[in-house]
Amino acid sequence: MTNVLYDALFLPHKNNPSLFLDSDDASSLPYADFIKRAAQIAHALVDVGVLPGDRVLVQAPKTSDTVALYAATVQLGAIYLPLNNAYTLEEVSYFVRDAQPSVMVCDPKNQHELTPLAKEQRATLLTLGHEEGTLQTAANTKPRAFEPVECGPDSLAALLYTSGTTGRSKGAMLTHKNLLSNAQVLTQLWQMSEHDRLLHALPIFHTHGLFVALNTSLIAGATVRLMEKFDIDAIQNELPQSTVLMGVPTFYTRLLASPGFTKTLTSNMRLFVSGSAPLLADTHVTFYERTGHRILERYGMTETNMITSNPYDGKRVAGTVGYALPGTEVNITNSETGNTLPAGEIGSIEVRGDHVFQGYWNMPEKTAEELRENGFFITGDLGVLDSDGRLSIVGRSKDLIISGGYNIYPKEIEDVLNEIEGINESAVFGVPHSDFGESVVAAIVPSVPDLDLDKVREMIGQKLARFKQPQHYALMEALPRNTMGKVQKTVLRAGYDGAAEA
Ligand code: MLC
Ligand code: AMP
C-alpha cells in the first residue's frame, strides 16, 4: 500500500532507535517509539469514525503527541488542519463551519467551550493535553502498528488556513506531493542529516514549524528539541548542544538583545534559518559580527511551502531571499498585464512547482484569482530578480501586516471595528516595531463624541486573537483618501508617530 508522505517521512523510521523528539518535560521519544505512538493515535481516530479525506482539526498544545497526531492523520489518509492556539472561539467557529471536520482535537482546557460547536457540526471532540486528554487515553490501549491508507501524490494531506485580503480566511489545500517535494529539496539544500539536533521553538500550526522544520528533520532522521515556545534563556541553554535553529526574525533580534548571547554559545551550531517575515540587513550583519554565522534567509508561503533560499555553501546576501529552489520557477510579472519582466525590474512575484498548493477549500473563485491556469501562483509579494537570479522582496501588493511572523490582514480587524457602535469607519495599518517587526495600529473615525476605547478593546478581545488586536488606536475626524476614494494607508503610516495614540 502506498502512502506517499507517510512512506517518505515516517515509515523509514519504523525500527530506528535514534532519538526523534526531546521535549521540555525531559521526556525523549526515539523514532521507533514515535511511529508506534502515531499508530495508536491513528487507531483511536478510526474508532471515532475518521475516514480518509476527513478533516482532523487540531488546536492543541505543542507536545510529542501532537506531532504524532500529524503523523497519524497522514497515515490514515485524512487531512490535517492545525489552528493557532491563540484563536478565539469566534475564529475557531469559522474554521469549523468552513472545513466541517469529522473530529476536533483541542486542549482539555477548551473542551467545555468547544462542545456546543462540535455538536452543531456533528464532529467528535477529543482532547490532547500536556498530561492526558481523551485522545491520549483512548490511544494508550490501542495496537502499536497501523496499516497506512493508500494515498497518491495528489491526495490532500493538510488544510492550512491563511487570512485573506477580503477578511475571510482561506484554507490552502496541500497534497502529499506538495509537502514531500519541498521537504526533500530543503533537506538536501540545507544538508540536514541524522547528526543534526534542531532547536524547535516555533509553533507547529504553521508551515514554518510544521512542515519546514519537522518534515526536513524527519527525512534527515535528525533529533528535534521540541520547545513549547521561544524562551530566550532556554534557547541559550540549548544552543551548545544543538546544530540548527529555524526561526522568525524576532528570534534573532531577541538573541542579539540578550547580553548572554555569545559566539561561544553558537560554536556547535551549523545553521541559523530565518523566514516568514523580512530579516533586516542590519540584523543579518550584527548577527554575523557577534557569532561568525550568516543567517540563511529563505522565503515561503502557506500556499507554496518554501520558494527561495539563500545558498548553504555560497554567498548569503543580507536583504535578499536567495535563489528559486530546485524545481521551482519564480517569475516577476507586471501586475497589470501579467507579462514577465526582465531582471532588475520590480513586479509581482509568481511561482510554479510541485510544492504549489491545489487551491482554496470551497473557494473556486479565489483560487482562480490567484492561481493561474498555467500553474503560476500570484503571491501578492513584490520583488526583483538580479541578473544572477537572486530574489529580493521589496514590498507587498496585498494589504498585510506581519507581526512576529504572524500574518494579520487589516480587513479582518476593520470588519470587526466597523461593527462596533460608535465607530463610523476605521483603517488598520502596520507600523515598525523593534521586537515584532511590525505592529498593528487602528485609525478610528468615531460617530459619537465620547467613544469608550476600553469598550472597543474589550469587544475586539472577544472576537480576535490577541496578536491581531491593535496595540494603538488613533482617533481621527476623517480618513485620508485619494481621488478614487480609497483610504491612503501610506499617508496614515507616514503621519503616525505614536503621538495620536489613545
Ligand atoms: C505573541 N504576541 C504577539 C505575537 N506573539 N503579538 C503580536 N505578534 C506576535 N507574533 C503577544 C501575546 O498575545 C501576548 O500578549 C504577548 O505578545 C506575549 O505572548 P508570548 O506568547 O509570551 O509571546 P512570545 O512567546 O514572545 O511570542 C513571540 C514570538 C511568537 C515571535 C516568539 O509570536 C512566534 O513564535 N512567532 C512565530 C510565528 C510563525 O511561526 N510564523 C510562521 C508562519 S508560516 P499580551 O498582551 O497578552 O501580553 C509563514 C510561511 C513562511 O509565514 O515563509 O514561513
Ligand atoms: P503566510 O501567509 O503566513 O504563509 O505568510 C507568507 C508571507 O510571509 C509571504 O507572502 C511574505 O509576504 C512573507 N514572507 C515569508 N518569508 C519572508 C521573507 N524571508 N522575507 C520577507 N517576507 C517573507
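Undergrad: Explain helix 2 (residues 31–47) here, please?
TA: Given 3.6 residues per turn, any residue in an α-helix points the same way as the ones three and four places further on. Here helix 2 spans 25 Å end to end across 17 residues, near enough to the 24 Å set by a 1.5 Å rise per residue. Burial of helix 2 is extensive: 13 of the 17 residues sit out of reach of the surface. Once helix 2 finishes, Gly 49 follows within two positions and takes phi at roughly 95°, a positive value.

Undergrad: Would you explain the site of ligand 2 in this entry?
TA: Taken together, 17 residues form the shell around ligand 2, and within it Arg 298, Thr 302, Asp 381, Lys 398 and Asn 407 come nearest. Contact between ligand 2 and Asp 381: an oxygen atom at 2.6 Å from a side-chain N or O atom of the residue. Note that an oxygen atom of ligand 2 is positioned 2.8 Å from one of the side-chain N or O atoms of Asn 407. Burial of ligand 2 by the protein amounts to 93% of the accessible area it has alone, namely 490 Å². When residues of the shell around ligand 2 are traced back to their parent elements, those giving at least two are strand 13 (296–301) and strand 19 (391–396).

Undergrad: I keep staring at the pairing of strand 24 (residues 472–475) and nothing clicks. Help me out?
TA: Regular strands place their side chains on alternate faces of the sheet. Pairing geometry for strand 23 (residues 437–446) and strand 24, over 4 bridges, is parallel. By the bridge assignment for strand 24, Val 441 is matched with His 472. Taken together, strand 23, helix 14 (residues 453–463) and strand 24 form a β-α-β motif whose crossover is right-handed.

Undergrad: Can you help me understand the pattern of salt bridges in this one?
TA: Pairing of side chains with opposite charge becomes possible as their charged atoms draw close. Per the counting criterion, the structure on display carries 26 salt bridges. Across the pair Lys 177 and Asp 154 runs a salt bridge, and its minimum N-O distance is 3.6 Å. In this pair, Lys 177 sits in helix 7 (residues 176–189) while Asp 154 sits in the loop between helix 6 (134–140) and strand 7 (156–162), placing the two residues 23 residues apart along the sequence. For Lys 177, a relative accessible area of 30% corresponds to the partly exposed category. Residue Asp 154 is classed as exposed on the basis of its relative accessible area of 54%. Notably, a salt bridge pairs Lys 489 with Glu 414, separated by 2.6 Å at the nearest N-O pair. Remark: Glu 414 occurs in helix 13 (residues 410–418) and Lys 489 occurs in helix 15 (residues 489–495); sequence separation between them is 75 residues. Among the residues examined, Glu 414 registers a relative accessible area of 10% and is labelled buried. Because the salt bridges share partners, they merge into one network encompassing Asp 22, Asp 24, Arg 197, Arg 225 and Glu 238.

Undergrad: It is not clear to me how the layout of surface pockets should be interpreted in this structure. Could you clarify?
TA: Over the atoms, a rolled probe matching the size of one water molecule traces out where space is still vacant. Volume-wise, the second largest pocket comes out at about 910 Å³. Contributing to the lining of the second largest pocket are 35 residues, with Arg 396, Asp 399, Leu 400, Glu 438 and Arg 493 lying nearest its centre. Of all elements in the fold, only helix 10 (249–257), strand 20 (401–403), strand 22 (423–433), strand 23 and helix 15 reach the threshold of two or more residues within the lining of the second largest pocket. When residues of the lining of the second largest pocket are assigned to their parent elements, the largest contribution, 6 residues, is made by strand 22. Residue classes in the lining of the second largest pocket are distributed as 13 nonpolar, 13 polar and 9 charged.

Undergrad: Would you mind showing me how to read empty space enclosed by the protein here?
TA: Summed over the entire model, instances satisfying the criterion amount to 2 cavities of 30 Å³ or more. There is about 70 Å³ of room inside the largest cavity. Lining the largest cavity are Pro 82, Leu 83, Asn 84, Tyr 87, Leu 160, Tyr 161, Phe 205, His 206, Thr 207 and Thr 302. When its residues are assigned to classes, the lining of the largest cavity shows 6 nonpolar, 4 polar and no charged. Considered as a void within the structure, the second largest cavity measures approximately 40 Å³ in volume. What lines the second largest cavity is simply Leu 179, Asn 182, Ala 183, Leu 186, Phe 211, Val 212, Asn 215 and Asn 305. Looking at the lining of the second largest cavity, the elements with two or more residues in it are helix 7 and helix 8 (207–220). Considering every element that reaches the lining of the second largest cavity, the biggest residue donor is helix 7, with 4 residues.

Quick notes on the rules
Residues numbered from 1 in each chain as written. Chains lettered and ligands numbered in written order. Predicted model: local features only at pLDDT ≥ 70, side-chain atom pairs only at ≥ 80, totals over all residues. Heavy atoms only, no water. Helix = DSSP H or I, 4+ residues; strand = E, 2+ residues; numbered from the N terminus. Expected span 1.5 Å × (residues − 1). Buried < 20%, exposed > 50% of the residue type's maximum accessible area, 1.4 Å probe, protein only. Near = heavy atom within 4 Å. Polar contact = N/O pair within 3.5 Å; in protein donor to acceptor, adjacent residues only side chain to side chain. Areas by Shrake-Rupley, 256 points an atom, 1.4 Å probe, with all protein chains shown as cover. Pairing = 2+ DSSP bridges. Right-handed = clockwise from strand over helix to strand, strands pointing away. Salt bridge = Lys/Arg side-chain N within 4 Å of Asp/Glu carboxyl O. 1 Å grid on protein atoms, 1.4 Å probe; cavity = no way out; pocket = protein on both sides within 12 Å on 5 of 7 lines; lining within 4 Å. Points joined across faces, edges and corners; volume = space filled by probe spheres on them. Nonpolar A, V, L, I, M, F, W, Y, C, P; charged D, E, K, R; others polar.

Don't take any of this as a statement about function, it's just geometry.
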